[in-house]
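Chain by chain, the residues:
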Amino acid sequence: MSLLVLEEIETFYGASQALFGVSLAVGEGEVVALMGRNGMGKTTTIRSILGLTPARAGRIAFGGKAVTSLLPHRIARLGIGLVPEGRRCFANLTVEENLLASARRGAWTLAKVVDLFPRLGERLGQYADTLSGGEQQMLAIGRALMTNPKLLILDEATEGLAPVIRQDIWAAIRRLKAEGESILVVDKTLSELLPLTDRCCVLEKGRTVFSGPPQAFTRDLQDRYLGV
Ligand code: ATP
């Protein structure tokens, strides 16, 4: 069964339409890549899923329940953990306090997050604003995991990070997949993303223009929809 289903959603910012029929599904334990050039609607799709910019048409279901008209905190509470673009942690709390502040019951505990990101373990007492960008990203992912979400959404989690740190983040995502987590990933690093994704969904000008397994997302299609 699909954990998350979007059917032909349409989303607006005021009078300006950003999504014109986006369809996408994430099954249990699947990693789905949401791709497209800048401004094609990836972040808006995520905002629609979370009810931050609610879809005006179409249907969004999570865990078999229609969520299209629910408020954001209700949707999040159903079990969606977002790692937003540009990370966001509490700067004046320590790493440990940041992690514990979002904790909800489940398999993901402080110990498990530290096992995934040992660098965080070495910095538990440090204030979040003293971390490097990459460490803040790890903290943002750790915070989302501490909510024990059924679905994790990563919006540009590796953008702007040093190569070594990006590798650590990708290794963590691969491990999350191996552990059966369901993940929706927005990222531009195809070489890392494609091998670990079960399905790709590509947006162009607010429409789903490709949906299928990574093997079917050929070089031609990549050039057409992601090339500059
Ligand atoms: P990026 O990779 O640059 O984040 P994206 O694929 O996530 O791009 P969106 O941010 O979803 O794209 O933008 C989709 C469209 O909606 C764009 O045309 C953008 O200009 C428009 N848009 C985004 N946010 C707003 C806003 N707050 N108000 C009005 N229009 C917006």
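Residue numbers run consecutively from 1 along every chain, following the written order of its sequence. Totals for whole chains, interfaces and linings use every residue, but because this is a predicted model, local features are given only for residues with pLDDT of at least 70 and side-chain atom pairs only at 80 or more, for both listing and counting. Only hydrogens and water are removed before side-chain values are computed, so all heavy atoms of the structure are retained for them.

Q: Give me the lowdown on the overall build of the protein, citing residues and values where you can.
A: Helices and strands together make up the secondary structure of the protein, namely 9 helices and 10 strands. As a reference, a globule follows 2.2 Å times the number of residues to the power 0.38, and the radius of gyration itself is taken over C-alpha atoms. Against the globule reference of 17 Å for 228 residues, the protein gives a C-alpha radius of gyration of 17 Å, in line with a compact fold. C-alpha extents for the protein along the principal axes are approximately 45 × 40 × 35 Å. In the protein, the proportion of contacts linking residues at least 24 apart, taken out of those at least 6 apart, comes to 68%. Calculation of accessible area relied on Shrake-Rupley with a 1.4 Å probe; when residues are assessed, cover is drawn exclusively from the protein chains displayed. Accessible surface, the protein as shown: approximately 10300 Å² in total, 52% of it carbon and sulfur. Here a strand is any run of E in DSSP of at least two residues, a helix any run of H or I of at least four, and the numbering for each starts at the N terminus. Every residue pair with non-hydrogen atoms within 4.5 Å of one another is taken to be in contact.

Q: Provide a residue-level description of a positive patch on the surface, including the pertinent values.
A: Together, K65, R74, R77, R104 and K150 line one region of the surface with positive charge. Looking at the secondary structure, you find K150 in the loop between α6 (133–146) and β7 (151–155). A residue counts toward a patch only above 30% relative accessible area and without a salt bridge, and it is joined to like-charged neighbours within 9 Å or, for Val, Leu, Ile, Met, Phe, Trp and Tyr, to nonpolar neighbours within 5 Å. A side-chain nitrogen of Lys or Arg and a carboxyl oxygen of Asp or Glu constitute a salt bridge if their distance falls within 4 Å. Counted as positive: Lys and Arg. Counted as negative: Asp and Glu. His and the chain ends are not counted at all. Note on charges: their place is set at NZ of Lys, CZ of Arg, CG of Asp or CD of Glu.

Q: Please set out the layout of surface pockets residue by residue, giving values where relevant.
A: Empty space within the largest pocket amounts to approximately 640 Å³. Sorting the residues of the lining of the largest pocket by element identifies α1 (42–49), α2 (72–77), β6 (80–83) and α6 as the ones contributing at least two each. Polarity classes work like this: nonpolar for Ala, Val, Leu, Ile, Met, Phe, Trp, Tyr, Cys and Pro, charged for Asp, Glu, Lys and Arg, and polar for all others, with Gly in that last group. When its residues are assigned to classes, the lining of the largest pocket shows 12 nonpolar, 6 polar and 7 charged. Definitions used for this entry: grid spacing 1 Å over protein atoms alone; cavity, a set of points where a 1.4 Å probe fits but cannot get out; pocket, an open set with protein on both sides within 12 Å along at least 5 of 7 lines; lining residue, one with an atom within 4 Å of a point. Grid points are joined across faces, edges and corners, and a volume is the space filled by probe spheres set on the points. Considering only enclosed or pocket space, the second largest pocket measures out at about 180 Å³ in volume. Lining the second largest pocket are 12 residues, with G36, R37, K188, L226 and G227 positioned closest to its centre.

Q: Let's hear about the site of the ligand: which residues, and what values?
A: Summary of the distance rule: residues count as near a molecule or strand when at least one heavy atom falls within 4 Å of that molecule or strand. Looking at the ligand, there are 13 residues lining it, with G39, G41, K42, T43 and T44 nearest. In protein, a polar contact requires one atom able to donate a hydrogen and another able to accept it; more generally it is a pair of N or O atoms within 3.5 Å, and residues adjacent in sequence count only if both atoms are side-chain atoms. With respect to the ligand, the side chain of N38 contributes an N or O atom lying 3.2 Å from an oxygen atom. Within the backbone of G39, one N or O atom sits 2.7 Å away from an oxygen atom of the ligand. Against a free-state accessible area of 630 Å², the protein chains account for coverage of 58% of the ligand.

Q: Please give an account of the packing of aromatic side chains that cites residues and values.
A: Each Phe, Tyr or Trp ring, with Trp reduced to its six-membered ring, pairs with another whose centre is within 6.5 Å; inter-plane angles below 30 degrees give stacked pairs, above 60 give edge-to-face pairs, and intermediate values give tilted ones. The tally for this structure, following the rule as stated, stands at 1 aromatic pair. Counting as a charge over the ring demands two things of the Lys NZ or Arg CZ atom: a distance within 6 Å of the ring centre and an angle within 35 degrees of the ring normal. If you follow K112 out to its NZ or CZ, it ends over the ring of W108, 4.2 Å from the centre.

Q: Help me get a handle on the sheet that holds strand β3 (residues 31–35), residues and values and all.
A: Spatially, the 6 strands line up as an open sheet ordered β6-β7-β8-β3-β9-β10, and their pairing is mixed. Looking along the sheet, the strands with just one partner apiece sit at the ends: β6 and β10 (207–212). Pairs of neighbouring strands in the sheet enclose a mean axial angle of 15 degrees, with direction left out of account. Set on the sheet, α6 makes contact with β6 and β7; between it and β6 the angle comes to about 170 degrees. Sheet strands touched by helix α7 (residues 163–178): β3, β7 and β8 (182–186). Its angle to β8, the strand with the most contacts, is close to 150 degrees. By the convention used here, strands pair only if DSSP detects at least 2 bridges between them. A fitted line through C-alpha atoms represents every axis, and for helices the fit uses only the stretch in contact; the resulting angles, taken between N-to-C directions, go from 0 to 180 degrees.

Q: I'd like a rundown of the pairing of strand β1 (residues 2–13), residues and numbers included.
A: Examined bridge by bridge, β1 and strand β2 (residues 16–27) share 9 bridges and lie antiparallel to one another. From the neighbouring strand, S2 faces β2, where its bridge partner is G27. In this antiparallel pair of consecutive strands, β1 and β2, the connection spans 2 residues, and G14 shows a positive phi of 60 degrees. Sheet analysis places β1 next to strand β4 (residues 57–62), joined by 5 bridges and oriented antiparallel. Bridging from a neighbouring strand, L4 pairs with F62 of β4.

Q: Hey, could you go over the sheet that holds β1 for me, with residue numbers and the actual values?
A: Spatially, β2-β1-β4-β5 is the arrangement adopted by the 4 strands of the open sheet, whose pairing is antiparallel. Each having just a single partner strand, β2 and β5 (65–66) make up the two edges of the open sheet. Sitting on the sheet, α1 touches β1, β2 and β4, and the angle it makes with β1 is about 110 degrees.

Q: Describe the nonpolar core, and please don't skip the residues or the numbers.
A: Buried residues of nine kinds, namely Ala, Val, Leu, Ile, Met, Phe, Trp, Tyr and Cys, make up a nonpolar core once their side-chain atoms join them within 4.5 Å. Buried residues are those whose accessible area, probed at 1.4 Å on protein chains only, stays under 20% of the maximum for their type, while exposed residues exceed 50% and partly exposed ones sit between those limits. In this structure, M35, L145, L152, L154, I183 and F217 are the most contacted members of the largest nonpolar core, which totals 43 residues. The element contributing the most residues to this core is α6, with 7 residues. In this structure, V22, V26, I49 and L184 belong to the second largest nonpolar core, which totals 27 residues.

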